[in-house]
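Letter by letter, the chains look like this.
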Amino acid sequence: MLGRGWRRLTIAMVALAWPACAATPSPDATPALTMPHPVLAAGDMRQHLDLSGVWHYSIDPYRTGDAGFHGGDPGASQRRYADIDVAQQMRDHPSALYEFDMARAPTATLPSSWLTHSPDMRHYQGLVWYQRHFTVDPKPGEREFLRFGAANYRAQIYLNGKRVGEHEGGFTTFAFEVTGLLRKGDNQITVGVDSARAPEDLPPPVTDWETYGGLTRAVTLVTTPATYVDNAWVRLSRDGRIAVSAHLDGKAAGDLPVTFRIPALGLALPGKTDGNGDWSTTVAAPAALKRWSPDSPTLYDVQIAAGDDVWKDRVGFRTIAVRGHDILLNGKPIFLRGIALHEEEFGGNPTRAITPEAARALLSEVKDGLHGNYVRLAHYPHSEVMTRMADKLGLIVWSEIPIYWMVDFKNPEVLAKAQHMLAEEIERDRDRASIIIWSVGNETPITPARNHFLSTLAAEAHSLDDSRLVSAALLVDRGSENGKTVFNINDPLIPSLDVMAVNTYNGWYSEDPLPSLADFVWRSPYDKPLIFSELGAAAKAGFHDPTRSHKFSEEFQADYYKYTLAMASRIPFLRGMSPWVLKDFRSPRRQHPVYQQGWNRKGLVSPTGVRKEAFGVLAGYYAKIAAEGGAAH
Ligand code: GCU
């Protein structure tokens, strides 16, 4: 049946005022879930003007473009977003004072973090203003939207000097309608992006990865008809029927004839929206339908024709479920042969610019290099470029929101923020067959407030999407019994989850002799599958130690994998793993001057893709599992 979430979703959406903003709940209530609006589902597939390219930028570390020196509105001398030609103003009014000029400010090519705009930007954190001009000829009866792939961490958007909206969260896609604000010919867009985060933000200030501030994903101007398909969800329901849900936005959205099509299957399904512009239906899957899987990542062009609009996407059809200790893909048990990765391209000076080529390079190393079928896209929603590439190449995905370490779990406004971020993540990617798990947390300290926070998010994820599994990366108690080291999986959050996931680093963050790892015992009272969401050790590529005993040597890392995998192969309820991590990634926490230099070195490959000895250990382990049918480990 169709997810409860869809009805709740459309009610919430129809009721929503806009621009999108997180409701501010009363302090004692579990906050109401605010939904992104507009969603512009599959907005990257719509007709759009791509605003990637050269932008001017101006740093503003004291946020003078935000507020005056005693608070209040910024003075005219500081308003980067003003719709003026500063040089001309100063020529016309020599006594006028301007302490900015975006038209003559330095330039950078976006999307890209600002860390690579120039050497002196490498460690900049704070507010940066971006501005560019573009030319359009708006057509009567059309609607225009500014769509942002991501802006890390807070963004404020102006068009032709008028404030359009603001957004919080560095990793989710958002959009604002600008119909009527555009002018024929030249237009000016200004975006203020502030990378600073407070303890009540998500993630909190302390993480283990670089804060790549800026406009790190594409900015586009999307055009739709006056009434358009704003949200759509196309999937295979658990009983094997094709399920379609759509929400139309616009004056003609109610009681409108619509047609769902899969041209390659000759399927055309007529219908009609209700008074709210909603339509949901199911249909038996045509016999010719080929299900999506890593071995056969079949994608279909799908369409929803509605009045003047034709919504399009490319989707795969598959089912995912758990049964006891097993994870079932299309009804068959599967072992997730994975690896974790941050959103960071190969190269010596990454800037979090994930092009299709960068995504293919990373994911091909997983699929072809490691013989993998799974990736944990950590620790935040990755670019839609990456999730679409996973659909295309055939890699199963764990997607997560950055509920990481010391979150302010007692604060209902933080919960509301997390709920909104979860909804933005699910709304953007619900049509991606590759994604099977929504994760709601990573290594969060166990308290009653954290349990309430995460169990609320887990329930919201199930409510928004009843077709996928919910998990969280947990920690476990270490004990000993009769001289054996024993790990008991007993996190109180587990009853809220479909899949248990644990990060484990014995032998790296401990001094256990590596051969002893193989005898460690894992216990779980739950009839649920376990994934090792992290395991790993660091090595500096090219650093060798013939004694194989020195941490940071390739030999130590390889032996860590050898003995940890021997331990894993003895856990009867383990159904997958995503070792930490595919590639070394930037982290300000990692400052050993010889082995780290600001990089987390737990990668199986170096920043430029040089494979370390451990790469072959994991690849061999996965090749054997694949050769034996892919279910047992
Ligand atoms: C933690 C955390 C990662 C971190 C890793 C490490 O488990 O989830 O974000 O990078 O361990 O210590 O390298």
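Residues numbered from 1 in each chain as written. Predicted model: local features only at pLDDT ≥ 70, side-chain atom pairs only at ≥ 80, totals over all residues. Heavy atoms only, no water.

## So, the pairing of strand S23 (residues 336-341)
- Taken across its six residues, S23 has six buried, putting it largely inside the fold.
- Burial along S23 is two-sided: the face carrying Leu 336, Gly 338 and Ala 340 and the face carrying Arg 337, Ile 339 and Leu 341 are both buried.
- The sheet contact formed by S23 and strand S33 (residues 574-577) spans two bridges and is parallel. Across the sheet, Arg 337 pairs through a bridge with Met 577, a residue of S33.
- Strand direction decides the pairing type here: S23 and strand S24 (residues 374-377), joined by four bridges, are parallel. (Buried < 20%, exposed > 50% of the residue type's maximum accessible area, 1.4 Å probe, protein only. Helix = DSSP H or I, 4+ residues; strand = E, 2+ residues; numbered from the N terminus. Pairing = 2+ DSSP bridges.)

## Digging into the sheet that holds strand S21 (residues 326-329)
- Sheet architecture is open: three strands sit in the order S20-S21-S22, paired in antiparallel fashion. Strands at the two margins of the open sheet, each flanked by one partner only, are strand S20 (320-323) and strand S22 (332-333).
- Sheet analysis places S20 next to S21, joined by four bridges and oriented antiparallel. In the sheet register, Arg 323 faces S21, and the bridge partner there is Asp 326.

## Considering the domain arrangement of the chain
- Each assigned domain of the chain is listed with its residue range as follows: domain 1 (39-223), domain 2 (241-318) and domain 3 (321-627).
- Using only C-alpha atoms to locate each centre, domain 2 and domain 3 end up separated by 33 Å.
- Opposite the 12 residues of domain 2 that make contact, domain 3 presents 19 residues.
- Summing both sides of the interface, domain 2 and domain 3 together bury roughly 1,200 Å²; the carbon and sulfur share of this comes to 52%.
- If you look at where domain 2 meets domain 3, you find two salt bridges. (Domains from an automatic or database assignment. Contact = heavy atoms within 4.5 Å. Buried area = accessible area lost by both parts, 1.4 Å probe. Salt bridge = Lys/Arg side-chain N within 4 Å of Asp/Glu carboxyl O.)

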